[in-house]
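Fold and contact review
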Amino acid sequence: MFATLLLAPSPGGVVAADLPVDLELVLAVDVSGSIDTEHAHLQRSGYARALTDRRVIDAIQSGSFGRIALTYVEWADDSLQRTVVGWRVIDGPSSAKDFAKELGGAPTVTEARTSISALIDYCVPLFNENGFDGARHVIDVSGDGENNVGRSITLARDDAVKAGVTINGLPIVREGLLPWAEDRDHRRNLDAYYRDSVIGGPGAFVVVVKDYNNFADAIISKLLKEIAELPSP
């Protein structure tokens, strides 16, 4: 599918215009050392299932243009940010299935540490000259740890917001992964950390995942909010 529209010829020739979409969305998925092969597979399959869910398709088709632009990125430390599936138009069941199929066929690469800041810095330029003209630019960050390498996460977040990008979060809070401290000022609760340091921009929100078996359902809930631009909970 072409990502541009051809306008009427001008004295200088045919002019290509970006294709209007309701949303430009980067799905950014953690593959750092704490994500084993099984969990990496569950993440991929969860996104594939969510993208082809009838409720998500209906939400996409109910928009002003009836389509969104989507890309899928996997990330770990400050040296690993990898576009697994490039920008695609999702406008119905067929294009959603094609995206899910391409996602399932790509290999997974992992690194040990976690750099949400490097991820954000990688994702923001992806909205530039991608062939789409979206009313909203959103990075959807899923992960199971705090930023532990690279520049300040809050600085990266603030720079992204200044560039017109909204960041939403899908923290994966697994039992035993992080100690539950009563003192929330230490941000040992990942959901609080995401709310305080990761998300930003108009309508930014967090959806918490506590069980990988319910991962797809959490993604569906999050996608419906992002696509329909529902109020934050």
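The structure reproduced in this document is the subject of the present report. (Residues numbered from 1 in each chain as written. Predicted model: local features only at pLDDT ≥ 70, side-chain atom pairs only at ≥ 80, totals over all residues. Heavy atoms only, no water.)

**Digging into the overall build of the chain**
As a reminder of what qualifies: A run of DSSP states H or I qualifies as a helix once it reaches four residues; a run of E qualifies as a strand once it reaches two. Both are numbered from the N-terminal end. Exposure categories follow from relative accessible area, calculated using a 1.4 Å probe and restricted to protein chains: below 20% of the type maximum is buried, above 50% is exposed, and the middle band is partly exposed. By definition in these notes, contact holds between two residues if any of their heavy atoms fall within 4.5 Å.
For the chain, the count of helices and strands is seven helices and eight strands. Classification of the 233 residues of the chain by burial places 52% in the buried group. A separation threshold of at least 6 residues defines the contact pool for the chain, and within that pool the share at least 24 residues apart is 76%.

**Quick word on the packing of aromatic side chains**
Given two aromatic rings, one states the distance between the centres and the angle between the planes to describe the pair. Note the threshold: Pairing of aromatic side chains requires ring centres within 6.5 Å, counting the rings of Phe and Tyr and the six-membered ring of Trp. Pairs whose planes differ by under 30 degrees are stacked, by over 60 edge-to-face, and all others tilted.
Per the counting criterion, the structure on display carries five aromatic pairs. Taken together, a centroid distance of 5.8 Å and an interplanar angle of 55° make the contact between tryptophan 87 and phenylalanine 127 tilted. Of the two residues, tryptophan 87 is situated in strand E5 (residues 81–90) and phenylalanine 127 in the loop between helix H4 (116–123) and strand E6 (132–134); the sequence distance between them amounts to 40 residues. By way of ring pairs, the aromatic residues Tyr47, Tyr72 and Phe215 are connected into one cluster.

**Focus: the pattern of salt bridges**
For clarity, the threshold we go by: What makes a salt bridge here is a side-chain nitrogen of Lys or Arg within 4 Å of a carboxyl oxygen of Asp or Glu, nothing more.
Enumeration according to the criterion identifies twelve salt bridges in this entry. Across the salt bridge formed by aspartate 121 and arginine 151, the nearest N and O atoms sit 2.9 Å from each other. Here aspartate 121, found in helix H4, pairs with arginine 151, found in the loop between strand E7 (137–143) and helix H5 (153–162); they are 30 residues apart in sequence, far enough to count as distant. Note that aspartate 191 is salt-bridged to arginine 195, the shortest N-O span being 3.6 Å. Placement of both aspartate 191 and arginine 195 in helix H6 (residues 190–198) is noted, with a separation of four residues, approximately one turn of the helix. Among the ionic contacts, a cluster of salt bridges with common partners joins Arg44, Glu74 and Arg82.

**Notes on the side chain of aspartate 140**
Summarising the element assignment, aspartate 140 is placed in strand E7. The class for aspartate 140 is buried, based on a relative accessible area of 0%. When sequence neighbours within four positions are dropped, the list of residues in contact with aspartate 140 reads Leu25, Val26, Leu27, Ala28, Tyr47, Asn168, Leu170, Lys222 and Glu226.

**Some words on the environment of phenylalanine 205**
Looking at where phenylalanine 205 falls in the secondary structure, it is placed in the loop between H6 and helix H7 (215–228). Among the residues examined, phenylalanine 205 registers a relative accessible area of 4% and is labelled buried. C-alpha of phenylalanine 205 to C-alpha of lysine 225: the two residues are 20 residues apart in sequence and 8.9 Å apart in space.

**A closer look at the side chain of serine 115**
Along the chain, the position of serine 115 falls in the loop between helix H3 (93–104) and H4. Residues in contact with serine 115, not counting those within four places in the same chain, are Trp75, Ala76, Asp77, Asp78, Asn147, Val149 and Gly150.

**Focus on the packing of helix H1 (residues 37–51) against H7**
Stated formally: Axis geometry follows a simple rule: fit a line to the C-alpha atoms, using only the stretch in contact for helices, then measure angles between N-to-C directions, giving values from 0 to 180 degrees. Throughout this description, any angle smaller than 35 degrees is read as roughly parallel, any larger than 145 degrees as roughly antiparallel, any in the 65 to 115 degree range as roughly perpendicular, and the remainder as oblique. Take the far helix as your reference; a near helix turned counterclockwise from it by less than a right angle gives a left-handed crossing, and one turned clockwise gives a right-handed crossing. For this classification, Asp, Glu, Lys and Arg are treated as charged, while Ala, Val, Leu, Ile, Met, Phe, Trp, Tyr, Cys and Pro are nonpolar and the rest, including Gly, are polar.
Close contact between H1 and H7 brings their axes to 8 Å; oriented N to C, the two are set at 45°. Between H1 and H7, the angle is such that the two are oblique. The interaxial crossing formed by H1 with H7 has right-handed handedness. Taken together, the residues of H7 that come into contact with H1 (itself represented by Leu42, Gln43, Gly46, Tyr47, Arg49, Ala50 and Leu51) are Phe215, Ala216, Asp217, Ile219, Ile220, Lys222 and Leu223. When the residues that make up the contact of H1 with H7 are grouped by side-chain class, the tally is nine nonpolar, two polar and three charged.

**Topic: H3**
So the rule is basically this: In this analysis, the expected span of each helix is defined as 1.5 Å times one less than the number of residues it contains. The arc under discussion is defined with respect to the helix axis, by the directions toward the C-beta atoms.
In this model, H3 (twelve residues) spans 16 Å end to end at C-alpha, consistent with the 16 Å of a helix rising 1.5 Å per residue. Those residues of H3 that fall on the buried side of the exposure criterion are Ser95, Ala96, Phe99, Ala100 and Leu103. Looking straight down H3, one finds that the buried residues subtend no more than 135° of arc, so they occupy a single side. Turned more than 90 degrees from where H3 packs its buried face, Ser94, Lys97, Asp98, Lys101 and Gly104 sit exposed.

**Quick notes on unusual backbone geometry**
In this model, glutamate 129 sits at a positive phi of 50°, which is unusual for a non-glycine residue. Structurally, glutamate 129 is set in the loop between H4 and E6.

Interpretation in functional terms is not warranted from these geometric data alone.
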